[in-house]
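# Residue-level structure breakdown
Spelled out, the chains give:
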Amino acid sequence: MAGLDTLDDYREKRDFARTPEPPGEQGAETARPVFVIQKHDATTLHYDFRLEVDGVLKSWAVPKGPSVDPKEKRLAVPTEDHPLDYAGFEGVIPAGSYGAGAVLVWDRGTYRNLTEKEGREVGVAEAARRGHVSVWLEGEKVRGGYALTRFRTGKGEAWLLVKMNDAEADPGRNPVETEPRSVVSGRTIEEIAAGRDG
C-alpha cells in the first residue's frame with residue numbers, strides 16, 4: 001500500500017502542466033478551505049483524497065475511491081502533504097518519476113470542519129494527529145459529511161473513509177463507476193494518458 005502515491009519528489013518537479021486555479025479571497029471570512037479528489041493511474045489505479053490544512057494538502061490514497069453509501073468503508077492510506085497548487089494538477093507525471101502516470105481532477109470543492117470533542121471544534125491538523133477527522137464536503141460529485149478514522153498506526157498506518165448517514169447519502173449511486181470524467185476538462189483518465197486535449 002505504501003507505493004500507492006507518495007510523490008516523494010514532487011516539490012522538485014515544478015514543470016508539470018497545471019490547470020489554473022482561481023485565486024482565493026484573501027482575508028475573506030467566508031473563504032472555506034478546498035478539497036480535491038484526484039484519480040491517479042500510477043502503479044495501481046486509486047483516488048487521492050486531499051484536504052487543505054494549514055497551507056498544504058493533507059492527503060490519503062483511497063484505492064476504491066470515495067463512496068456515497070454510509071455502509072461502505074473505504075481504505076485510506078496517508079501520503080505526504082502536497083503543495084496547495086497541486087490541487088489543480090491534471091496531466092501525466094513522466095515515466096521514471098515517482099508516481100508516474102495520468103492524473104485527473106475527479107472532484108473538487110470546499111469543505112468545513114465538523115470535528116468536535118466535548119462540544120468544542122478540533123482543528124483539522126490536530127484531528128488528523130489524533131486519528132479522527134470529520135468534514136462536510138461541497139463538491140461537484142460528492143457532498144455531505146465524511147469521516148476519516150485511523151485504525152492502524154506505525155509503518156502500515158491506515159485509515160477508513162466513510163460517508164456519514166445524512167441527506168447527501170445515496171446507497172444506490174456509485175459515482176466512481178458512473179462519473180469517471182474530470183470536473184475540470186471532461187476527459188477520462190485514458191484520454192489524459194493519451195495526451196488528448198479537453
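Throughout what follows, the structure given in this document is the object of discussion. What you are looking at is a predicted structure, and each value in this text was computed from that prediction instead of being measured.

Cut-offs used in this document
- Residues numbered from 1 in each chain as written.
- Predicted model: local features only at pLDDT ≥ 70, side-chain atom pairs only at ≥ 80, totals over all residues.
- Heavy atoms only, no water.
- Helix = DSSP H or I, 4+ residues; strand = E, 2+ residues; numbered from the N terminus.
- Buried < 20%, exposed > 50% of the residue type's maximum accessible area, 1.4 Å probe, protein only.
- Contact = heavy atoms within 4.5 Å.
- Phe/Tyr/Trp six-rings, centres within 6.5 Å; stacked < 30°, edge-to-face > 60°.
- Lys NZ or Arg CZ within 6 Å of the ring centre and 35° of its normal.
- Polar contact = N/O pair within 3.5 Å; in protein donor to acceptor, adjacent residues only side chain to side chain.
- Salt bridge = Lys/Arg side-chain N within 4 Å of Asp/Glu carboxyl O.
- Pairing = 2+ DSSP bridges.
- Core = buried A, V, L, I, M, F, W, Y, C linked by side-chain atoms within 4.5 Å.

### A few points about the overall build of the protein chain
When you go through the protein chain residue by residue, the secondary structure sums to three helices and eleven strands. In the protein chain, the succession of α and β elements from N to C terminus is β-β-β-β-β-β-β-β-α-β-β-β-α-α. Taking all 198 residues of the protein chain together, the buried fraction comes to 45%. Across the protein chain, the fraction of contacts at a sequence separation of at least 24, relative to all contacts at a separation of at least 6, is 59%.

### A word on the packing of aromatic side chains
Going through the model one piece at a time under the given rule, you end up with four aromatic pairs. Relative to Trp-60, the ring of Phe-49 has its centre 6.4 Å away and its plane inclined at 55°; by these criteria the two rings are tilted. Of this pair, Phe-49 sits in strand S2 (residues 45-53) while Trp-60 sits in strand S3 (residues 56-62), and the two are eleven residues apart along the sequence. In this structure Trp-60 comes out as buried when scored by relative accessible area, which is 2%. Summarising the aromatic geometry, the rings of Tyr-86 and Phe-89 are spaced 5.3 Å apart at their centres and angled 25° between planes, so their arrangement reads as stacked. Residues Tyr-86 and Phe-89 agree in their burial class; the two are buried. Ring pairing ties together the aromatic residues Phe-49, Trp-60 and Trp-159, which thus form one cluster. Above the plane of the ring of Tyr-146 lies Lys-163, whose end atom (NZ or CZ) is 5.2 Å from the centre.

### Focus on the environment of Arg-112
With respect to the helices and strands, the residue Arg-112 is situated in strand S6 (residues 101-113). The class of Arg-112 is partly exposed, set by a relative accessible area of 34%. Separated by 24 residues in sequence, Arg-112 and Trp-136 have C-alpha atoms that sit 5.3 Å apart. Ignoring anything within four residues of it in the chain, the contact list for Arg-112 reads Arg-32, Ser-134, Val-135 and Trp-136.

### Description of the side chain of Gln-38
Here Gln-38 lies in strand S1 (residues 34-41). On the accessibility criterion, Gln-38 (0% relative accessible area) is buried. Of the polar contacts made by the side chain of Gln-38, one reaches the side chain of Arg-50; its length is 2.6 Å. Leave out the neighbours within four places in its chain, and Gln-38 touches His-46, Tyr-47, Asp-48, Arg-50, Tyr-86, Ala-87, Phe-89, Val-103, Leu-104, Val-105 and Trp-106.

### With respect to the pattern of salt bridges
Evaluation of the coordinates by the stated rule reveals twelve salt bridges. Here Glu-72 makes a salt bridge to Arg-74, at a shortest N to O gap of 3.6 Å. Residue class for Glu-72 comes out partly exposed when judged on its relative accessible area of 35%. You can call Arg-74 buried: its relative accessible area is 11%. Salt bridges sharing partners connect three or more residues here, namely Glu-126, Arg-129 and Arg-130.

### Considerations on the pairing of strand S4 (residues 73-83)
As a general feature of sheets, a regular strand has side chains that alternate between the two faces. Across five bridges, S3 lies against S4 in antiparallel orientation. Each bridged residue has a counterpart across the sheet, and for Ser-59 the counterpart in S4 is Thr-79. Pairing analysis gives four bridges linking S4 to strand S11 (residues 158-163), with the strands arranged antiparallel. Looking across to S11, one finds that Arg-74 is bridged to Leu-161.

### Here's the deal with the nonpolar core
With 30 residues, the main nonpolar core has Phe-49, Leu-51, Tyr-111, Val-133, Leu-137, Val-142 and Leu-148 as its most contacted residues. Within the second largest apolar cluster, nine residues are counted, among which are Val-36, Tyr-86, Ala-87 and Val-105.

### What to know about the pairing of S11
Pairing of strand S10 (residues 143-152) with S11, which is carried by six bridges, proceeds in the antiparallel orientation. For Arg-152, the partnering residue across the bridge sits in S11 and is Ala-158. The loop that links S10 with its antiparallel partner S11 comprises five residues; one of these, Gly-154, has a positive phi angle of about 85°.

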